[in-house]
Amino acid sequence: MKKIVIMVSFSLTLPFLIGVGGWPTTWLTPVQAVQRPKPGQPTQPGQPSRSRDLVIGGQPMGIVAADFNNDGIPEVAVADQSNNVVVVALNNRGAQLHRPRSFAVNRGPAAVVAADFNLDGKLDLGVANSYSDDVSVLIGEGDGTFAPARHYPVGATPTAIVAADFNHDGLPDVATCDQVSDSVSVLVNKDKGETFVRTVYHVGNGPTDLVAADFNNDDRTDIAVANQFSGDVTILRIIAFPVARTDTVHAGGTNPFSIVSADFDLDGRADLAVGNQGSGLVSILLNSTSGRLVPRPALPVPSGIMNVHSADCNNDRRSDLVVGSYLASSISTHWGRGDGTFAGPHTQSAGGRVRGLDMADFNQDGVMDIAVTKPDTGVVSVLLMAGNGSTLK
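Residues numbered from 1 in each chain as written. Predicted model: local features only at pLDDT ≥ 70, side-chain atom pairs only at ≥ 80, totals over all residues. Heavy atoms only, no water.

1. Section: the overall build of the protein
- A count of helices and strands for the protein gives zero helices and 31 strands.
- Relative to its full complement of 393 residues, the protein shows a buried share of 61%.
- A total of about 13,600 Å² of accessible surface is found on the protein, and carbon and sulfur atoms cover 52% of it. (Helix = DSSP H or I, 4+ residues; strand = E, 2+ residues; numbered from the N terminus. Buried < 20%, exposed > 50% of the residue type's maximum accessible area, 1.4 Å probe, protein only. Areas by Shrake-Rupley, 256 points an atom, 1.4 Å probe, with all protein chains shown as cover.)

2. Thoughts on the environment of Gly57
- Position of Gly57 among the secondary structure elements: in the loop between β4 (53-55) and β5 (60-66).
- With relative accessibility at 0%, the residue Gly57 sits in the buried group.
- When the C-alpha positions of Gly57 and Asp80 are compared, they lie 8.3 Å apart, and in sequence the two are 23 residues distant.

3. A look at the sheet that holds strand β20 (residues 243-250)
- Taken in spatial order, the four strands line up as β17-β18-β19-β20 in an open sheet, and their pairing is antiparallel. In this open sheet, the two strands that pair with only one neighbour each are β17 (207-213) and β20. If you compare each strand with its neighbour and ignore which way they point, the axes differ by 20° on average.
- Pairing of strand β18 (residues 222-227) with strand β19 (residues 232-240) involves five bridges; the strand directions are antiparallel. Residue pairing for β19: Val225 is matched across the bridge by Thr234. (Pairing = 2+ DSSP bridges. Axes fitted to C-alpha atoms, helices over the stretch in contact; angles between N-to-C directions.)

4. Details of the sheet that holds strand β24 (residues 293-300)
- If you walk across this open sheet you meet the four strands as β21-β22-β23-β24, and the pairing is antiparallel. Unpaired on one side and paired on the other, β21 (256-262) and β24 mark the two borders of the sheet. Pairwise comparison of adjacent strand axes, ignoring direction, gives a mean angle of 20° for this sheet.
- Alignment of strand β22 (residues 271-276) against strand β23 (residues 281-287), held across five bridges, turns out to be antiparallel. Looking at β23, one finds that Asn276 is bridged to Leu281.

5. Quick look at the packing of aromatic side chains
- Within this structure, the stated rule accounts for six aromatic pairs.
- Centre to centre, the rings of Phe117 and Phe196 are 5.5 Å apart; their planes meet at 90°, and the pair counts as edge-to-face. Of the two residues, Phe117 is situated in the loop between β9 (109-115) and β10 (124-129) and Phe196 in strand β16 (residues 195-202); the sequence distance between them amounts to 79 residues. Take Phe117 and Phe196: they sit in the same class, and that class is buried.
- Pairing Phe264 with Phe342 gives two aromatic rings, centres 5.5 Å apart and planes at 70°, and the pair type is edge-to-face. Of this pair, Phe264 sits in the loop between β21 and β22 while Phe342 sits in strand β28 (residues 342-349); the two residues are 78 residues apart in sequence, bridging distant segments of the chain.
- Here a set of aromatic residues connected by ring pairs shows up, and it is made of Phe68, Phe103 and Phe146. (Phe/Tyr/Trp six-rings, centres within 6.5 Å; stacked < 30°, edge-to-face > 60°.)

6. Let's talk about the pairing of β5
- Extensive coverage of β5 is indicated by the burial of seven of its seven residues.
- The pairing of β5 with strand β6 (residues 75-80) spans five bridges and is antiparallel. Bridge pairing links Ala65 to Val76 in β6.

7. So, the environment of Pro297
- Within the secondary structure, Pro297 sits in strand β24.
- The spacing of Pro297 and Gly252 is 45 residues in sequence and 9.4 Å in space, taken between C-alpha atoms.

8. Here's the deal with the confidence of the model for the protein
- In the predicted model, the protein carries a mean pLDDT of 87, and the fraction of residues at 70 or more is 85%.
- Contacts from residues 1-51, a stretch scored under 50 in pLDDT, to residues over four places away or in other chains number 151 contacts. (pLDDT = per-residue confidence, 0-100. Contact = heavy atoms within 4.5 Å.)

9. Remarks on unusual backbone geometry
- Phe241 connects to Pro242 through a cis peptide bond whose omega is 10°.
- Within the secondary structure, Pro242 is located in the loop between β19 and β20.
- Going from Gly344 to Pro345, the amide bond is cis rather than trans, its omega being 10°.
- Here Pro345 lies in strand β28.
- Notably, Thr157 is not glycine yet its phi reads approximately 60°, a positive angle.

Set out below in structure tokens:
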């Protein structure tokens, strides 16, 4: 059966909380929304503050790049945490985002994922709402617009979301990491997006991010979770859904905040990269033939809130790493050598503090570009990459 894995993934002045209990708390700087958009209606035209920037207002957090209007080029959907909407902006084929429209979700949207939940050939959206503790599902119309959201409860404070076929029935499901309840919620897709039924897995302390991949090559999609406060990674190995075996490995740093999976050593197995907020390191965990995750030398990056993403940035058929730093307002590119080690980094200014990050070829030149959210200023930026996979155009 063909496997569906669609990845990946925050006018109020409430800050976004990362931290509970007696652990250190990280706050995103509160920002004032520029304008509260009316759900389902166009916002005011975005004013470019620099090339290929779009001001959407509010507090843009998670972002996903995908083709929402079936024109063959990627657009973006952004979780606007302060305005309780998801904003979808189209692409004018020159990588300039325009015509943003907002669609109501529930309270405190933090992350967003795209998948075709009803298998109609049109991409839909799943949004993790960190204040109302639920997921909003919006069915796409295929023209960049979406039907009204339906909401499904998950655990306390969902901070990240992925879509994949966890029960092996050919339909994409949804999973969230629920930071305050120390759990992962899997919402199983029933009746092609009409209903989602929750299954709960307990993980480490303070799960902040998660990724879906097949870690043991059994043709079933597993889940890896970065647990910020226990400093480890939980692997949920799906045996026969909902049965799963739980493994725990050290994150290789302190306060793991972001996690991504790719085959970094070209051995056909899914590996992990973990961004550690406290120690300013990206840990590389290679998947061995025995299924154990073996650490490789970590990559130094700016400490603080970060978003780690993997893609082939220079078209050499090797997985690279791109790290967006909130405190340093930077984008760092690390080029994979194909053996689990990396060259670089090449670090450049992102023009503002980065929170959400995704990658796609926005200008259709055959090179992956970067889209980021900047919650301090209410801006979404598309950063075009040159052919060498490093220089921002």
